[in-house]
Amino acid sequence: AGTFYVKEESDHYYIKWFFGVHRERKNFIFSYLITNGVTLQEDITEIYWKIVGADWEKSHRNIEAVFHLPEGIVDDEIQAWAHGPTSGKVAIPDNKSVHYSLAYLSAGEFFEARILLPGSLFFGGAQGSSNQAKIIAQEEKFIAQTINKKRREGLINGIKLALSLSILGFSIFIFIKATRFFFKYGKNKKLPQVNLSGRLWEPPSDIDPAQVEQLLK
């Protein structure tokens, strides 16, 4: 009591905990059991898990998630995808785990995992109506959309770069042209030498010495 509380909503749990910290790092470890964490599709088992959701108000760095798999899975029976920023990585180092990593995630963005495993190894979970072929087709569509998006972004960035270089080149051309015009027509020539000494003296003044003394003071 007074250290944390749990609020159960219709589709999620909200957990808040309280702690004091001053110029130090704290680590928190959460342990909990998920019921029906996998979905039993028609011919495959699916793990569709949001590693970091979009509801966080803070950005995240150095995200790593490891899904430990049950024994008895053949290497080529594991398929995995990552959803979210294109810098995210997914790896299947062996038949016992799937690794996800992401260096940086902005607030308001999500990072999630999708893994397909043999259906024969699982006997409990949520019931689904999809199958392996549909899921793979869906992921291939996602991949194609991502590639097209990156191509569009690359094209737009290329156009922006070309416009920036064109404006810069035009500005340099105008500057050079204006400089040449100035040196050719706008720059004043040196005045002719007034006498052999090269100096122009003021004519003698008719003011009385007393007045000059007064002015100087």
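Structure's up top.
Throughout what follows, the structure given in this document is the object of discussion. As the structure is a prediction and not an experimental result, all values here were calculated from the model. (Residues numbered from 1 in each chain as written. Predicted model: local features only at pLDDT ≥ 70, side-chain atom pairs only at ≥ 80, totals over all residues. Heavy atoms only, no water.)

1. What to know about the environment of Lys150
Link 1 in the chain: Relative to the elements of secondary structure, Lys150 occurs in helix H1 (residues 132-186).
Link 2 in the chain: Judged by its relative accessible area of 45%, Lys150 is partly exposed.
Link 3 in the chain: Sequence separation of Lys150 and Thr179 is 29 residues, and the distance between their C-alpha atoms is 43 Å. (Helix = DSSP H or I, 4+ residues; strand = E, 2+ residues; numbered from the N terminus. Buried < 20%, exposed > 50% of the residue type's maximum accessible area, 1.4 Å probe, protein only.)

2. Looking at the packing of aromatic side chains
Link 1 in the chain: Within the structure shown, the criterion is met by 9 aromatic pairs.
Link 2 in the chain: Ring geometry for Tyr100 versus Phe111: centroids 6.3 Å apart, planes at 75°, classification edge-to-face. Of the two residues, Tyr100 sits in strand S8 (residues 97-105) while Phe111 sits in strand S9 (residues 111-118), which places them 11 residues apart along the sequence. Note on accessibility: Tyr100 and Phe111 belong to one class, buried. (Phe/Tyr/Trp six-rings, centres within 6.5 Å; stacked < 30°, edge-to-face > 60°.)

3. A closer look at the sheet that holds strand S4 (residues 44-52)
Link 1 in the chain: The strand order S6-S9-S4-S3-S10 describes an open sheet built from 5 strands, whose pairing is mixed. Only two strands of the sheet have a single neighbouring strand rather than two, namely strand S6 (79-83) and strand S10 (126-127).
Link 2 in the chain: Where strand S3 (residues 39-40) lies against S10, 2 bridges are found, and the strand directions are parallel. By the bridge assignment for S10, Leu40 is matched with Gln127. (Pairing = 2+ DSSP bridges.)

4. What to know about the pattern of salt bridges
Link 1 in the chain: Scanning all chains against the criterion turns up 4 salt bridges.
Link 2 in the chain: Its salt-bridge partner being Lys7, residue Glu9 comes within 3.6 Å of it at the nearest N-O pair. (Salt bridge = Lys/Arg side-chain N within 4 Å of Asp/Glu carboxyl O.)

5. Side note on the environment of Trp17
Link 1 in the chain: Along the chain, Trp17 turns up in strand S2 (residues 13-17).
Link 2 in the chain: With relative accessibility at 32%, the residue Trp17 sits in the partly exposed group.
Link 3 in the chain: For the pair Trp17 and Arg180, spaced 163 residues apart in sequence, the C-alpha separation works out to 71 Å.

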